[in-house]
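Commentary on secondary and tertiary structure
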Amino acid sequence: MARIRSNSLKAAAIVALVFGALTVFSGGRALFGGPEAQAAVGNAVGFVLWFNFLAGFAYVLAGVGLFLQHRPAIWISLGILISTALVGIVFGFHLLQGGAFEWRTVGAMILRTAVWAVISVVAFRHIAKPAVTKEVK
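Cut-offs and rules
Residues numbered from 1 in each chain as written. Predicted model: local features only at pLDDT ≥ 70, side-chain atom pairs only at ≥ 80, totals over all residues. Heavy atoms only, no water. Helix = DSSP H or I, 4+ residues; strand = E, 2+ residues; numbered from the N terminus. Buried < 20%, exposed > 50% of the residue type's maximum accessible area, 1.4 Å probe, protein only. Contact = heavy atoms within 4.5 Å. Areas by Shrake-Rupley, 256 points an atom, 1.4 Å probe, with all protein chains shown as cover. Patch = residues over 30% accessible without salt bridge, like charges linked within 9 Å, V, L, I, M, F, W, Y side chains within 5 Å. Salt bridge = Lys/Arg side-chain N within 4 Å of Asp/Glu carboxyl O.

Helices and strands together make up the secondary structure of the chain, namely five helices and zero strands. For the chain, the succession of helices and strands along the chain, N to C, is α-α-α-α-α. Overall size of the chain, expressed as C-alpha extent along the three principal axes, is 70 × 30 × 20 Å. Here the chain holds 137 residues, and the buried ones make up 36% of them. For the chain, contacts bridging at least 24 residues in sequence account for 77% of all contacts bridging at least 6. Accessible surface computed for the chain: about 8500 Å², of which carbon and sulfur atoms make up 69%.

The following block contains the structure:
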């Protein structure tokens, strides 16, 4: 296994893993928890809650791929970014139509999109581009 040489790639992998674990835990609790847990989420938007819960597993997968410096981690990261942005847009339409929501969901979707934009750039910069080596003459 190749050792991660980049601190930014290592940080991106850790963020993806921790973010994924927390997302799966909190989403699972909101979806499958008792009445207290479900009351705590307030006016959660169902499709956003389900998306975030399921995406949490992809976050963990991406984090492992980043640690291993596997090229598919780039595509997983980009897929998470694009799908999160698309769900955010649909969520925006839900808001415009007067649907119930929690303001923390707005912040969470913005945060998720920004985090995955950064992780995607880091993944591309450190995995997609082969290391440049100087030829010794």
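What follows concerns a nonpolar patch on the surface. Taken together, Ile82, Leu86, Ile89, Phe93 and Leu96 make up a surface patch of nonpolar side chains, about 560 Å² in accessible area. The topology assignment puts Leu96 in helix H4 (residues 72–96). Look at Leu96 and you get exposed, because its relative accessible area is 72%.

Function cannot be read off these values alone, since they describe shape.
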